[in-house]
Amino acid sequence: MNVSDNYRDNWESYWSKTSDAPGEAMWDSDPSLGAEPHTALLLPHADPARTIVDLGCGNGTQTRYLATRFARVVGVDLSPAAVAHARRAAGDAPVEFEQLDLTDLDAVKALHDRLGDCNVYMRAVIHQSEPAARPAVAAAVATLIGGAGRAFVVELTPASRDVLGHAASEPAGPPPKLQRVFDHHLKPADAEEDEIPRLLGEAGLAVLAEGDTVLPMTEHLTDGTRIDLPARWFVLAGR
């Protein structure tokens, strides 16, 4: 299945109304808090000479870091506005960006045909995807890595709902970046506790390593505490 028009429109609206300022998106954390430690977990299992594809790359902040560790980097996102952000921010950096619907099986296969077995980096995509689309997103990871690539997938856990609920219930209301997420009808931490590992397994992915972590946000509570969302990471291979 392909994503719904509402889902596509919500993300396009969000990125169209987001400036190029670093950190304006709530999840646009510095790579030192994202792709850098994640890459350290992936590289013991992955060949850096292979292309890595950043699925759901957004404005490309993490993608640009990946370009310092892998031979070739391609960032893909559902939203053309996000891809435009990423290209502007990249400047002369050795990265490539293109629009891709991860639920479009033919388009994902075509990307694999062009690039061969790839490594994959996917940060917080499945948990906010529409429930019916989540199996296809997991399958896209399996298609792209094939038999030789490896994937790093990190997803929010349901415990993140409590953190977000606490932030949203502050006396002054949700912090501005979180309010923007709500305004555009995006749904963070929507997946259930066992859903992510089940979907990865059903897609034919084998877990090589996993662990608990947090995804640091660029937003803070009224008292200045940074919002860190509980998450779980997986290093994956094809079966």
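Residues numbered from 1 in each chain as written. Predicted model: local features only at pLDDT ≥ 70, side-chain atom pairs only at ≥ 80, totals over all residues. Heavy atoms only, no water.

1. What about the packing of aromatic side chains?
Overall, the coordinates contain 7 aromatic pairs when judged by the stated rule. Measuring from ring centre to ring centre gives 6.0 Å for tryptophan 11 and tyrosine 14, while their planes differ by 70°; the resulting arrangement is edge-to-face. Note that tryptophan 11 and tyrosine 14 are positioned in helix α1 (residues 5-16) at a spacing of 3 residues, about one turn of the helix. Since its relative accessible area comes to 0%, tyrosine 14 is described here as buried. Linked through ring pairs, Trp11, Tyr14, Trp15 and Trp27 together constitute an aromatic cluster. (Phe/Tyr/Trp six-rings, centres within 6.5 Å; stacked < 30°, edge-to-face > 60°. Helix = DSSP H or I, 4+ residues; strand = E, 2+ residues; numbered from the N terminus. Buried < 20%, exposed > 50% of the residue type's maximum accessible area, 1.4 Å probe, protein only.)

2. Notes on the environment of alanine 140
Along the chain, alanine 140 turns up in helix α6 (residues 134-145). The spatial distance from the C-alpha of alanine 140 to the C-alpha of histidine 112 is 9.6 Å, given a sequence separation of 28 residues. Residue contacts for alanine 140: discarding those within four places in its chain leaves Leu102 and Val108. (Contact = heavy atoms within 4.5 Å.)

3. Comments concerning the sheet that holds strand β2 (residues 73-77)
Strand order in the open sheet formed by 7 strands is β3-β2-β1-β4-β5-β7-β6, and the pairing between neighbours is mixed. Since the sheet does not close on itself, it has two edges, and those belong to β3 (96-99) and β6 (205-220), each with one partner. Neighbour to neighbour, the strand axes of the sheet diverge by 20° on average, direction disregarded. Across 4 bridges, strand β1 (residues 52-55) lies against strand β4 (residues 119-123) in parallel orientation. Bridge assignment links valine 53 to a residue of β4, and that residue is valine 120. (Pairing = 2+ DSSP bridges. Axes fitted to C-alpha atoms, helices over the stretch in contact; angles between N-to-C directions.)

4. A few points about empty space enclosed by the protein
Throughout the structure, instances matching the rule amount to 1 cavity of 30 Å³ or more. Here the largest cavity defines a volume of roughly 650 Å³. Lining the largest cavity are 41 residues, with Trp11, Gly56, Ala124, Val125 and Gln128 positioned closest to its centre. Only α1, α3 (61-66), β2, β4, α8 (176-183) and β6 provide two or more residues apiece to the lining of the largest cavity. Among the elements that take part in the lining of the largest cavity, α1 stands out by supplying 3 residues, more than any other. (1 Å grid on protein atoms, 1.4 Å probe; cavity = no way out; pocket = protein on both sides within 12 Å on 5 of 7 lines; lining within 4 Å. Points joined across faces, edges and corners; volume = space filled by probe spheres on them.)

5. Regarding the pattern of salt bridges
Side chains that carry opposite charge are capable of pairing whenever their charged atoms lie near each other. Scanning the model with the defined rule gives 12 salt bridges in all. Across the pair glutamate 192 and arginine 161 runs a salt bridge, and its minimum N-O distance is 3.1 Å. Taken as a pair, glutamate 192 in the loop between α8 and α9 (195-202) and arginine 161 in helix α7 (residues 159-168) lie far apart in primary sequence, 31 residues in all. A relative accessible area of 44% places glutamate 192 in the partly exposed class. Each of Arg134, Asp190 and Glu195 takes part in a single network of salt bridges with overlapping partners. (Salt bridge = Lys/Arg side-chain N within 4 Å of Asp/Glu carboxyl O.)

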